[in-house]
Protein chains: 2
Amino acid sequence: MSAPNANANAIVDPGPGAPKTARGARTRARILKAAESTFGTLGYHRAGISDITRDAGVAQGTFYNYFAGKEEILRELVRDMGHQVRARLAAEVVNARDRLEAEEKGLRAFLEYLHDNPYLYRVLQEAQFVDESIYREYYEAFGRGYLRMLADATRKGEIRSGNNEVRVWALMGMSNFLGLRYALWEGDVSFDEIVATISDLFRHGLAIDGLDRKP
Amino acid sequence: MSAPNANANAIVDPGPGAPKTARGARTRARILKAAESTFGTLGYHRAGISDITRDAGVAQGTFYNYFAGKEEILRELVRDMGHQVRARLAAEVVNARDRLEAEEKGLRAFLEYLHDNPYLYRVLQEAQFVDESIYREYYEAFGRGYLRMLADATRKGEIRSGNNEVRVWALMGMSNFLGLRYALWEGDVSFDEIVATISDLFRHGLAIDGLDRKP
DNA sequence: CCCAAAGGTGAATGAGGTGTCATATTCAGC
DNA sequence: GCTGAATATGACACCTCATTCACCTTTGGG
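Residues numbered from 1 in each chain as written. Chains lettered and ligands numbered in written order. Predicted model: local features only at pLDDT ≥ 70, side-chain atom pairs only at ≥ 80, totals over all residues. Heavy atoms only, no water.

(A) Summary view of the protein's contact with DNA strand D. The local shell around DNA strand D holds 21 residues, among which A:Ile49, B:Lys20, B:Thr27, B:Ala59 and B:Tyr66 are the closest. Those atoms of DNA strand D that come within 4 Å of the protein belong to sugar or phosphate at a rate of 74%. A distance of 3.2 Å is found between a phosphate oxygen of DNA strand D and a backbone nitrogen or oxygen belonging to A:Ala47. At 2.9 Å, a side-chain N or O of B:Thr62 approaches a phosphate oxygen of DNA strand D. Contributing elements (two or more residues each) for the surface near DNA strand D: α3 (60-66) of chain A together with α1 (22-42) and α3 (60-66) of chain B. Per-element tally for the surface near DNA strand D: the top contributor is α3(B), with five residues. (Near = heavy atom within 4 Å. Polar contact = N/O pair within 3.5 Å; in protein donor to acceptor, adjacent residues only side chain to side chain. Helix = DSSP H or I, 4+ residues; strand = E, 2+ residues; numbered from the N terminus.)

Following this line, the structure appears as structure tokens:
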């Protein structure tokens with residue numbers, strides 16, 4: 001709100017110094033990885049730069065050789081993690097025979113990914129309140145890809161026509177909450193069961209209407 | 001971690017003082033309301049106690065007459081807001097003729113509620129990382145009510161049988177994301193359109209034909 | 001081997017903010 | 001109206017941390 005922090009998003013600053021040697025690149029990577037686990041376990045606010053640098057095995061000052069500050073490393077981290085998830089999901093989904101199968105594979109892959117990388121959720125969700133644009137960027141990027149796939153599927157006649165944009169947000173919300181509840185909090189329901197439940201919803205809806213058979 | 005602040009969580013303190021007079025009750029309420037808007041706009045971490053007390057029109061010290069600290073007032077706030085939403089949604093949904101209609105009414109009411117009370121989302125989501133139990137309590141309470149309604153609907157033959165627990169989390173996730181995107185961020189799609197899209201999903205699924213996929 | 005550029009160090013700085021406390025004011029019952 | 005209890009005050013002690021900086025060490029091309 002006040003003036004002094006307005007410079008944060010002035011120009012896409014390449015950072016105080018991109019590493020120019022192999023050693024520098026290694027150090028930068030170590031710091032970034034340390035930030036992931038530190039933010040992931042302690043949370044953004046509780047985590048101090050000193051926690052990150054200790055974890056990375058470097059001095060505090062070294063941090064500022066590569067990142068302008070705490071907020072910038074968060075931004076970097078979210079961008080990085082976003083790429084990873086999208087790459088992973090894309091790989092899992094690429095050989096699905098139709099959209100419904102892709103949804104199943106995608107949901108399972110997402111749950112598995114979250115289970116193996118529990119930091120993603122926390123870092124991402126906290127980023128929302130540090131700088132909303134980081135968060136929006138993540139989901140809008142994710143959503144754009146998703147939308148393209150739904151549009152394809154509509155064109156191919158694999159799914160009902162409808163407002164695919166709205167659907168994208170609904171689907172992302174589902175995955176998000178299912179992941180939080182069943183991949184991060186309590187694994188009391190198998191991923192198979194979850195995928196089957198959601199798949200049934202996609203294939204038949206929730207309603208028992210005249211055409212559907214009873215179990 | 002160090003010794004001096006260890007008393008913070010010694011015993012489950014019922015709060016430093018529940019108000020004993022009408023004036024006290026009013027003051028406490030003013031502080032709570034101020035905390036809602038302050039946390040809602042600035043966020044939990046950026047918000048200082050001084051911001052809250054300034055907004056409430058009381059001195060900083062007064063705050064500690066009613067709340068043990070910043071975390072406790074957040075806890076109180078989430079509990080309070082949770083009651084309000086659930087009451088509102090229950091009221092909107094009570095005269096629906098079947099579950100599908102209830103879902104429609106419920107989703108619309110939730111979107112409208114969020115639009116009118118934008119602080120709910122921020123306070124709730126931030127609470128997650130201040131003390132996860134506050135957050136889980138909110139959604140688990142919400143989920144319990146939801147589950148009961150789905151179980152009822154299953155019994156009445158209004159919806160397909162299936163894992164209603166998983167469904168509950170999927171549905172909460174949908175509402176949450178749709179609310180964030182369309183009620184808080186950008187109102188570029190009407191609530192009618194959103195409700196219609198989701199209703200179609202519930203009634204027919206995503207697949208092109210209600211029965212099964214193509215050969 | 002040399003040496004300029006790159007990388008690394010960690011103590012010092014200072015802003016920001018929570019919670020305390022001694023004191024002042026208001027309330028409610030008598 | 002008196003008086004003890006409740007409530008309100010706000011300056012400040014105290015601490016946590018992000019960031020800076022002057023100086024040292026390593027790297028790698030010539």
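Continuing now.
(B) How the structure looks around the packing of aromatic side chains. Counted by the stated rule, this structure contains 24 aromatic pairs over all chains. Ring geometry for A:Tyr138 and A:Tyr139: centres 4.8 Å apart, planes at 85 degrees, overall edge-to-face. Relative accessible area serves as the criterion here: at 6%, A:Tyr139 is assigned to the buried category. Consider the rings of A:Trp185 and B:Tyr135, whose centres lie 6.0 Å apart with planes at 80 degrees: the pair is edge-to-face. Pair noted here: A:Trp185 is in helix α8 (residues 164-185) and B:Tyr135 is in helix α7 (residues 132-155), and the two residues belong to different chains. (Phe/Tyr/Trp six-rings, centres within 6.5 Å; stacked < 30°, edge-to-face > 60°. Buried < 20%, exposed > 50% of the residue type's maximum accessible area, 1.4 Å probe, protein only.)

(C) Geometry of the protein's contact with DNA strand C. Residues and elements named next belong to chain A. The environment of DNA strand C is formed by 20 residues, the closest being Lys 20, Thr 27, Ala 59, Gly 61 and Tyr 66. Of all DNA strand C atoms lying within 4 Å of any protein atom, the proportion belonging to sugar or phosphate reaches 76%. Here Ala 59 contributes a backbone N or O atom positioned 2.8 Å from a phosphate oxygen of DNA strand C. In this structure, Gly 61 approaches DNA strand C through a main-chain N or O atom, which is 3.3 Å from a base nitrogen. At the level of elements, α1 (22-42) and α3 are the ones that each hand at least two residues to the surface near DNA strand C. With five residues, α3 is the single largest residue contributor to the surface near DNA strand C. For the surface near DNA strand C, the class distribution of residues is seven nonpolar, nine polar and four charged. (Nonpolar A, V, L, I, M, F, W, Y, C, P; charged D, E, K, R; others polar.)

(D) Highlighting the nonpolar core. Judged by nonpolar contacts, the single largest core of 132 residues is most densely connected at A:Phe39, A:Leu178, A:Ile194, B:Phe39, B:Leu178 and B:Ile194. Once you skip the residues sitting within four places of it in the chain, A:Phe39 turns out to touch A:Tyr44, A:Ala47, A:Ile52, A:Lys70, A:Ile73, A:Leu74, A:Leu77, A:Arg122, A:Val123 and A:Glu126. (Core = buried A, V, L, I, M, F, W, Y, C linked by side-chain atoms within 4.5 Å. Contact = heavy atoms within 4.5 Å.)

(E) Molecular detail of the packing of helix α8 (residues 164-185) of chain B against helix α9 (residues 191-204) of chain B. Residues and elements named next belong to chain B. It is the contact of α8 with α9, at a shortest axis distance of 12 Å, that shows an interaxial angle of 155 degrees. What the angle tells us is that α8 and α9 run roughly antiparallel. Crossing of α8 over α9 shows right-handed handedness. Two secondary-structure elements touch here, α8 through Leu 171, Met 174, Leu 178, Tyr 182 and Ala 183 and α9 through Phe 191, Ile 194, Ile 198, Leu 201 and Phe 202. (Axes fitted to C-alpha atoms, helices over the stretch in contact; angles between N-to-C directions. Parallel < 35°, antiparallel > 145°, perpendicular 65-115°, else oblique. Left-handed = near helix turned anticlockwise from the far one by under 90°.)

(F) Fine view of the confidence of the model for chain A. Residue and element names in this part refer to chain A. Taken over all residues, the pLDDT of chain A has a mean of 90, while the share at 70 or more is 89%. Predicted confidence for residues 1-14 stays below pLDDT 50, and this span has zero contacts to residues more than four positions away or in other chains. Of the regions scoring below 50 in pLDDT, residues 210-215 engages in ten contacts with residues more than four places distant in sequence or in other chains. (pLDDT = per-residue confidence, 0-100.)

(G) Structural context of the relation of the copies chain A and chain B. Of the two same-sequence chains, chain A is brought onto chain B (RMSD 0.2 Å, axial shift 0.0 Å) by a rotation of 180 degrees. Both copies are brought into coincidence by an operation consistent with a two-fold rotation axis. Minimal C-alpha distance to the rotation axis in chain A is attained by A:Gly205, lying at 1.8 Å. Looking at the interface residues of chain A, 95% of them are also at the interface in chain B, so both copies use one shared face. (Least-squares fit on C-alpha atoms with pLDDT ≥ 70 in both.)

(H) Summary view of the side chain of A:Gln128. With respect to the helices and strands, the residue A:Gln128 is situated in helix α6 (residues 119-130). Polar side-chain contacts of A:Gln128 include one of 3.1 Å to the side chain of B:Tyr121.

(I) Examining the packing of helix α5 (residues 99-116) of chain A against helix α9 (residues 191-204) of chain A more closely. All names here are of chain A. Contact pair α5 / α9: the axes reach a minimum separation of 10 Å and the direction vectors enclose 150 degrees. In this structure, the crossing between α5 and α9 has a hand that is right-handed. Along its contact with α5, which presents Leu 100, Glu 101, Glu 103, Glu 104, Leu 107, Arg 108, Leu 111, Glu 112 and His 115, the element α9 presents Phe 191, Asp 192, Ile 194, Val 195, Ile 198, Ser 199, Phe 202 and Arg 203. Class assignment of the residues belonging to the contact of α5 with α9 gives a composition of eight nonpolar, two polar and seven charged.

(J) A look at α9(B). Compared with the 20 Å implied by 1.5 Å per residue over 14 residues, the 20 Å span of α9(B) between its first and last C-alpha is a close match. Inspection of α9(B) places B:Phe191, B:Ile194, B:Val195, B:Thr197, B:Ile198, B:Ser199, B:Asp200, B:Leu201 and B:Phe202 among the buried residues, and these make up the whole buried set. Looking at the buried positions of α9(B), the neighbouring elements they touch are α8 and α9 of chain A together with α5 (99-116) and α8 of chain B. Directly beyond the C-terminal end of α9(B), a positive phi value near 80 degrees is found at B:Gly205. (Expected span 1.5 Å × (residues − 1).)

(K) Inspection of the interface of chain A and chain B at higher detail. Counting residues at the interface gives 57 residues for chain A and 57 residues for chain B. Between chain A and chain B, the buried area comes to about 5700 Å², and carbon and sulfur atoms account for 61% of it. Taken together, the connections running from chain A to chain B amount to eight salt bridges. Between chain A and chain B we count 18 residue pairs in polar contact (both at pLDDT 80 or more) in total. When residues of the side of chain A that touches chain B are traced back to their parent elements, those giving at least two are α6, α7 (132-155), α8 and α9 of chain A. Counting residues per element, the side of chain A that touches chain B draws most heavily on α8(A), which supplies 15 residues. In the side of chain A that touches chain B, the residues fall into 27 nonpolar, ten polar and 20 charged. (Buried area = accessible area lost by both parts, 1.4 Å probe. Salt bridge = Lys/Arg side-chain N within 4 Å of Asp/Glu carboxyl O.)

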